[in-house]
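The primary structure of each chain is shown beneath.
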Amino acid sequence: MRASGRLLAAGSLVVGSLALATSGAAPPAALAAPASVPSGAPAAGPGPAGSQAFAQGGKALAAGDLPAALAQLEAALAADPDNLRYASVYRHAIIKAGEYDRALAFFEKLVAEHPAAPFAWLNYGYVFVDKMPAAGAITQVILANDALKQFTRSIELKASWIALYTRGNSYLYWPKIFGRAPLAVADLERAVAISKSEPKRAYQAHAYAALGDAYWQTDQPERARATWQDGARLFPQDAGLEARLRLKGDELEAYIADQLDRTKRVDTDLHELWEDK
Amino acid sequence: MTRRARFAVIGRRVALGRLVAVWLAMLSTAAAPPASPSDAPSANASGSPAATAVEASSTTAVEASPAAVEAPPTPPSASTHPGPVKAPPPGKPSPSGAAPGSPAPAARPPAIRFEEIGAKAGARLLHHTRHFHGTKADILEMFTSGGASVAVGDYDNDGFDDLFVTDSDDGRPCHLLHNNGDLTFTDVTEAAGVGKGNDPHSIVSDALWFDYDNDGRLDLLVVRFGTPILYHNEGNGKFRDVTAQSGLNKFGNSIAVIAFDYDNDGYLDLLFGNYFKPVPLLDLKDPHVLPNNLDQATNGGGVTLWHNQGNGTFVEVTDKAGLGKHTGWTLDVGHADLDNDGWQDIYLADDYGTDRLYLNNRDGTFREVTEEAIGIDTKKGMNVDVADYDRDGWLDIYVTNITDEYMQECNMLWHNNGVDAAGKLTFTDLSRETGTCSTLWGWGAKFADFDNDGWVDLFAADGLRSAGDKNYIPVLLEMIITPNIDFTDVNNWPDIGDMSWSGHQKKKLFRNLGGSAFKEMAHEAGVDNDLDGRGVAVADLDNDGRLDIVETNANQPMLVYHNVTPAAGHWIELKLVGTRSNRDAIGARVTAKVGGATLIREVNGGNGYSSQSSTRVHIGLGAATRIDELEVRWPSGLREKLPLRSLPIDHLSYVKEGAGVVSAAAAGFGRAAGGPKPAHAGNLPAAAKPGGAAP
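Note that this is a predicted model, so its numbers are computed, not measured. Residue positions are given per chain, counted from 1 along the sequence in the order it is written. Chains carry letters from A onward and ligands carry numbers from 1 onward, assigned in written order. Reporting of local features is limited, given that this is a predicted model, to residues whose pLDDT is at least 70; pairs of side-chain atoms are given and counted only at 80 or more, and all residues count toward the totals for whole chains, interfaces and linings. Note that water and hydrogens are dropped before the side-chain values are worked out from all heavy atoms of the structure.

Participant: Help me understand the state of the cysteines, please; the structure alone is not making it clear to me.
Facilitator: Throughout this description, disulfide means a covalent bond between two cysteine sulfur atoms. All names here are of chain B. Put simply, a disulfide is two cysteine sulfurs that come within 2.5 Å. Tallying each qualifying case throughout the model produces 1 disulfide over all chains. For Cys410, the disulfide goes to Cys437, at an S-S distance of 2.1 Å. Of this pair, Cys410 sits in the loop between β21 (407-408) and β22 (412-419) while Cys437 sits in the loop between α8 (431-434) and β24 (442-448), and the two are 27 residues apart along the sequence. No difference in accessibility class separates Cys410 from Cys437, as the two residues are buried. In this text, helices come from DSSP runs of H or I with a minimum length of four residues, and strands from runs of E with a minimum of two, each type numbered from the N-terminal end. Exposed residues in this analysis have more than 50% of their type's maximum accessible area, buried residues have under 20%, and partly exposed residues fall in between, with area computed by a 1.4 Å probe over protein chains only.

This is the structure:
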């Protein structure tokens, strides 16, 4: 049994970049220079200590030195615990190293030291999701539930678009028998509402897609379609929305099921938040 | 949309396709799961029950040519260890290509069809799970509900396989059903004296026929959550309890057993699979008896191995044999010569964690090769059955797990890759690729060639608990996600009451489409009942050459499926009788060359969850009307090529070690040779006989 969040399914750049980096190519742009996160980021940008450590981590990753990279990225996060970008790169290095328990311990300590850092909590939750493919079926349930707890804490501290989208989307992965879909509707409606009050960003399309999926799962196909149409009007280039509106019947059902396939690793890469302006 | 396609679409959006491609390449080699069942070849995508019989036939005419016309990929070797090097399986094509001189293929092989005859056959026994007392009685009842078992064996040597069927509630007798030879059974339990076993301290959980003293009569072992009971067959329809003098006096919470001769000394040894650790569940002092981890539990009962001393006694050799460190929740045990070295190896299916594979060191000990051969899994293993489903000369393994709405483990069809150049035996799970991934909450499953086309099919039982409308899973979830919950404490498990848990599940019949894919056709075949299945035994109950199925169900009636496939292929059946080897010939391997294909069958002593199939060797021949070569490799090491003129097609033949094909009487069997129901294809209507008239 596994449930988790398809977070930003468009992700892959950082992971792809790491693949190049570890094969000896130049450090990818995502790692070349630290930058503040444009959406949901803390008011203050990253401090110089975190920035320096992040850069060192990037170099270590490029050199294929995972132990050094993890140490540097942890230092960067310790200096800037709410930095989504640092955390995203760190978690994907963790996935590569398979050291999920190290990341869990790290974030547990980080949130203990910085209990008011919403994105530290959010990333703590992502680590549970990241670990799921390495766990057995029952343990995956426990991990999914632990992830939800951290997402909830993040929302309690700051009801950000990314946290609401993440938790709402996570609920969608739970089998119907557990009755989580209405909770997904509630979170994703809030995420869509937030996006309407913020500058338009392409990644916001994901919340429309997911909210439509949530309506679909709660047997509201008309609302689902209307939501996807709303999203498509705002984001006509979004492939996910386009597919949902194009497909019908069993094909649409299969497409949505595939998006929420619990046997696949969930992408928790957040690069769109800072790369998609 | 496939996973690859999905990400490809996403990749276009960011115009960094090259990076995405690199990532996809990583995924496809590292993290991506195998292709979904829908990617596997499908014989019939219509799903229409009305159309399926015709469609299945026409499709399999293309995809599942009969054995006689297909050449094997590589001739198997049953020679010395290590076996020949063999190419890995993924993506391999189905064996194909006609051998010169092969008989013509049968036109449109038939769909498989069964008729349930339990009631009219006098074999409609109702199983009862054990009722416990106390606050958590229903949880303990749930955890011990696996004991609906059936063992097939011809205890009176009349040429027809009989049935021993277990019950589990206190005071309820088990049943010995004598096969009358006309698809009816007579309950002879009382006369035989084999009904006991369920008492206030013990729960019957499994049963096994085996001739432990090689006297030519099948003895009976009743397995229990408790101590086992060994009955000696006295030869007059009566049995005598010899447990006390046998040495089989160790308490265990056993759920599975096999008889096999692990040291090839000519006497059958016993391997018990134990679920709980050896604590008295019916008089529970400490409630901490349940699994300590639901994915990798280490507090189960493991296994116990008993060596047959050859004098009517057994001695435990678990530690000595190298099996003592296993502490999993063993639900099933299986044996076979997996590395083709002539010695029997062991596969252990464990609930709540890692299955284990042990190879025989040929010196009375085993070595574990789990990690290198199959890897470490976290699934809920429930069944071990073995057969060479793709006819490549290496025995493969089918393990059932849980694949349901809330848990998608997938079964494991371990394709045997053979022994590589470094001497390493490996397997690859091809359940997704072959379409055999899901049997819901799986239990017993058996390979058998139900349509006699030369390819072994699969029948799988499933379903845990069918009760009220309310589902236990959401209730159980709350327990599972409770922080720091102690799963071992039975008091922490929520009451189940009248709730269902993976109940009302349809059984699965997978027809082998030529060794690379299976088609699920339980509905067309008439075997898609939704009872809470447990054991599956396969036997030719009426000696008509078509394999029948007996299914036992927890707290529900057993079912007897008579195979009425209208145009099944030709066949032979062999009853092997050991002389230097154990008399049941368990572990003997038959290699038949038919029309360019090589088919291997191995006699097993109780493989498959909660059931024992017939020890007869059954080989479907498709349209072939002759066998080109047939060899028996006996556990003693003797290799015996049988003269083909002595092996009539569509007949049951008796083969005695060292003497070749003999009469039934000479083999120690009676009625089949001269009794009222001769064992040949005469039971089939002439028009239904494949390939024309019988030879």
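Participant: I would appreciate a short explanation of unusual backbone geometry in the present structure.
Facilitator: With glycine set apart, most residues show a phi of negative sign, and most peptide bonds adopt trans. All names here are of chain B. Of note, Asn157 is a non-glycine position whose phi angle comes to about 50°, a positive value. Summarising the element assignment, Asn157 is placed in the loop between β2 (150-153) and β3 (162-165). The backbone of Leu183 shows a phi angle near 65°, a positive value even though the residue is not glycine. Within the secondary structure layout, Leu183 lies in the loop between β4 (175-179) and β5 (185-187).

Participant: It is not clear to me how the packing of aromatic side chains should be interpreted in this structure. Could you clarify?
Facilitator: Given two aromatic rings, their pairing is described by the distance between the two centres and the angle made by the two planes. Aromatic contacts are taken between Phe, Tyr and Trp rings whose centres are within 6.5 Å, Trp giving its six-membered ring; a plane angle under 30 degrees counts as stacked, one over 60 as edge-to-face, and the others as tilted. A full pass over the atoms with the stated rule returns 39 aromatic pairs over all chains. Aromatic ring contacts, followed pair by pair, group Phe143, Phe225, Tyr275, Phe276, Trp329, Tyr352 and Trp493 of chain B into a single cluster. Both a distance and an angle decide whether a charge sits over a ring: NZ of Lys or CZ of Arg must be within 6 Å of the ring centre and within 35 degrees of the ring normal. One Lys or Arg, Arg153 of chain A, reaches over the ring of Trp121 of chain A and ends 5.8 Å from the middle of that ring. Lying over the aromatic face of Trp174 of chain A, Arg180 of chain A brings its terminal NZ or CZ to 4.5 Å of the ring centre.

Participant: Just to check I follow, could you spell out the confidence of the model for chain B for this structure?
Facilitator: Low pLDDT means the predicted coordinates in that region are not meant to be read closely. Residues and elements named next belong to chain B. For chain B, mean pLDDT is 84; residues scoring 70 or higher make up 81% of the total. pLDDT is a residue-level measure of predictor confidence that goes from 0 to 100. The contact rule is simple, with two residues in contact once any of their heavy atoms fall within 4.5 Å. Within the model, the stretch residues 1-107 combines pLDDT values under 50 with 209 contacts to residues more than four positions away or in other chains. Prediction confidence for the complex, expressed as pTM and ipTM, is 0.83 and 0.81 respectively.

Participant: Even after reading the chapter, I still don't get the packing of helix α3 (residues 48-62) of chain A against helix α5 (residues 84-97) of chain A, so can you show me in this structure?
Facilitator: If you want to describe how two helices pack, look at the angle between their axes and the distance between the axes. Residues and elements named next belong to chain A. In the contact formed by α3 and α5, the axes pass within 11 Å of each other and the chain directions differ by 30°. One way to sum up the angle between α3 and α5 is to call them roughly parallel. In the packing of α3 onto α5, the handedness of the crossing is left-handed. For the pair formed by α3 and α5, the contact residues are Gly50, Ser51, Phe54 and Leu61 on the first element and Arg85, Tyr86, Val89 and Ala93 on the second. Amino acid classes used here: Ala, Val, Leu, Ile, Met, Phe, Trp, Tyr, Cys and Pro are nonpolar; Asp, Glu, Lys and Arg are charged; the rest, including Gly, are polar. The residue inventory of the contact of α3 with α5, partitioned by class, reads 5 nonpolar, 2 polar and 1 charged. To get an axis, a line is fitted to the C-alpha atoms, and for a helix only the part in contact is used. The angle between two axes follows their N-to-C directions and goes from 0 to 180 degrees. Each angle receives one of four descriptions, namely roughly parallel if under 35 degrees, roughly antiparallel if over 145, roughly perpendicular if within 65 to 115, and oblique otherwise. By convention the crossing between two helices is left-handed if the near helix lies anticlockwise of the far one by an angle smaller than a right angle, and right-handed if it lies clockwise.

Participant: Explanation requested: the pattern of salt bridges in the structure shown.
Facilitator: Here the idea is simple: oppositely charged side chains can pair when their charged atoms come close. Note on definitions: salt bridges are taken to be side-chain nitrogens of Lys or Arg within 4 Å of carboxyl oxygens of Asp or Glu. Applying the stated criterion to the full structure yields 41 salt bridges over all chains. For Lys264 of chain A, the salt bridge is made with Asp261 of chain A, and the minimal N-O distance between the two is 3.7 Å. Taking the relative accessible area as the measure of exposure, Lys264 of chain A reaches 8% and is therefore buried. One salt bridge in this structure joins Arg639 of chain B and Glu631 of chain B, with 2.9 Å as the shortest N-O distance. Of the residues examined, Arg639 of chain B reaches a relative accessible area of 37% and is grouped as partly exposed. On the basis of relative accessibility, which here comes to 13%, the residue Glu631 of chain B falls in the buried class. Because the salt bridges share partners, they merge into one network encompassing Asp337, Arg589, Glu602 and Arg633 of chain B.

Participant: Please explain the packing of helix α7 (residues 118-131) of chain A against helix α8 (residues 137-157) of chain A as it appears in this structure.
Facilitator: All names here are of chain A. The N-to-C vectors of α7 and α8 enclose an angle of 165°; their axes lie 8 Å apart at closest approach. By the angle class used here, α7 and α8 are roughly antiparallel. For the pair α7 and α8, the crossing hand works out as left-handed. Residue-level inspection shows Pro118, Phe119, Trp121, Leu122, Tyr124, Gly125, Tyr126, Phe128, Val129 and Lys131 of α7 in contact with α8, the latter providing Leu143, Asp146, Ala147, Gln150, Phe151, Arg153, Ser154 and Leu157. Partitioned by chemical class, the residues of the contact of α7 with α8 number 12 nonpolar, 3 polar and 3 charged.

Participant: Quick question: what am I supposed to make of the sheet that holds strand β1 (residues 114-116) of chain B here?
Facilitator: Note on sheets: strands pair through backbone hydrogen bonds, and any given pair is parallel or antiparallel. Residues and elements named next belong to chain B. Note: two strands are recorded as paired if DSSP finds a minimum of 2 bridges between them. Strands sit in the order β1-β30-β29-β28 across an open sheet of 4 strands; the sheet is antiparallel. If you trace the sheet from one side to the other, it starts and ends with β1 and β28 (533-539), each paired once. Here the strands of the sheet are splayed against their neighbours by 20° on average, with no regard to which way each runs.

Participant: Mind showing me how you'd approach the side chain of Thr144 of chain B here?
Facilitator: Here Thr144 of chain B lies in the loop between α4 (137-143) and β2. Each residue touching Thr144 of chain B, except ones within four places of it in the same chain, is listed here: Phe132, Ile203, Phe225, Phe276 and Leu281 of chain B.

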